[in-house]
Amino acid sequence: MSVHLHPFWKQLTAVAAAAALFAVLFTWSMKPGTAYAMVTVDGVKNVELTLDKKHVVKDALSRDGSFTEQEMETLVGQKVNAAQNYADAEKEGTAIIGYALCRTTSEEEAEALQRSLEQVFGTDGVLYMCESKEDAEKAKKAGKSLGIYLAEQAVSEDDLDRIQSDLSEKEIWELLKKQPMLMEDEEAKEKIENAWSRYQEDVLEDGDDTEESDREEEQDTED
């Protein structure tokens, strides 16, 4: 026997179904594990962090195994500044830190996150790069950390303005040259070395100009 629903009940059923769907979607979007930001650190040792809005580490991973799983597990549930315990290794050389906000594009929130990261990893010898969630997804597809992916893009496009730093262009190229992960990429390596060679030539030319100027001054003094 077939059952015919009254139009009112049909409407109520549709509303209930829509409400149930909304509840599912809302619950999914509010899961504690939902990423608010991704942070990658590439230096002497490498780590990838997933943070929530309060900058609490929800997941930590060292893709190259430079940190043990146990070391990464100790970070989960703590504020990102707990990574200070792992920052000393970065001081031995240069580090590239890439970060992306996954659920907002607010410049204020991006700046707040960078300030938090600077308190952990410092600014000496550290290059910061911030881009979008889409870039983070592209980096993942490319099998690279976000920081290295962004640095390669900046190098290939000769666009160092993408790097958040008060350093001079020469100093940035020098730090990029010290980054082993970048120098493993043939295209990036060639561009970095070419840029560095240009600066070396400028230094030599400046030196020649100084010597010529000194000789002219000596000649004027003798006359």
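Residues numbered from 1 in each chain as written. Predicted model: local features only at pLDDT ≥ 70, side-chain atom pairs only at ≥ 80, totals over all residues. Heavy atoms only, no water.

Caption draft 1: How the structure looks around the layout of surface pockets. Estimates place the volume of the largest pocket at around 570 Å³. As for the largest pocket, its lining consists of 22 residues, and the residues nearest its centre are Ala35, Met38, Cys102, Lys133 and Lys140. At 5 residues, the largest contribution of residues to the lining of the largest pocket is made by helix 4 (residues 133-142). For the lining of the largest pocket, a count of residues per class yields 9 nonpolar, 5 polar and 8 charged. (1 Å grid on protein atoms, 1.4 Å probe; cavity = no way out; pocket = protein on both sides within 12 Å on 5 of 7 lines; lining within 4 Å. Points joined across faces, edges and corners; volume = space filled by probe spheres on them. Helix = DSSP H or I, 4+ residues; strand = E, 2+ residues; numbered from the N terminus. Nonpolar A, V, L, I, M, F, W, Y, C, P; charged D, E, K, R; others polar.)

Caption draft 2: Examining the pairing of strand 4 (residues 95-101) more closely. For strand 4, a buried count of 7 out of 7 residues is recorded, marking the element as mostly surrounded by other parts of the structure. Across the two faces of strand 4 the burial is the same, with Ala95, Ile97, Tyr99 and Leu101 and Ile96, Gly98 and Ala100 all buried. Two elements, strand 1 (residues 37-42) and strand 4, share 6 bridges in a ladder whose sense is antiparallel. Counterpart to Ala37 in the pairing with strand 4 is Leu101. Pairing of strand 4 with strand 5 (residues 126-131) involves 6 bridges; the strand directions are parallel. Opposite Tyr99, over in strand 5, you have Cys130 as the bridge partner. Tracing the backbone out of strand 4, into helix 3 (residues 107-121) and back to the parallel element strand 5 gives a crossover that is right-handed. (Buried < 20%, exposed > 50% of the residue type's maximum accessible area, 1.4 Å probe, protein only. Pairing = 2+ DSSP bridges. Right-handed = clockwise from strand over helix to strand, strands pointing away.)

Caption draft 3: Here's a closer look at the side chain of Thr40. Its place among the elements puts Thr40 in strand 1. Overall, the relative accessible area of 1% leaves Thr40 in the buried class. Here Leu146 takes part through its backbone nitrogen, which lies 3.5 Å from a polar atom of the side chain of Thr40. Within the structure, the side chain of Thr40 is placed 2.9 Å from the backbone nitrogen of Gly147, a separation counted as a polar contact. The residues touching Thr40, leaving out its near neighbours within four places in the chain, are Val47, Glu48, Ile96, Ile97, Gly98, Ser145, Leu146 and Gly147. (Polar contact = N/O pair within 3.5 Å; in protein donor to acceptor, adjacent residues only side chain to side chain. Contact = heavy atoms within 4.5 Å.)

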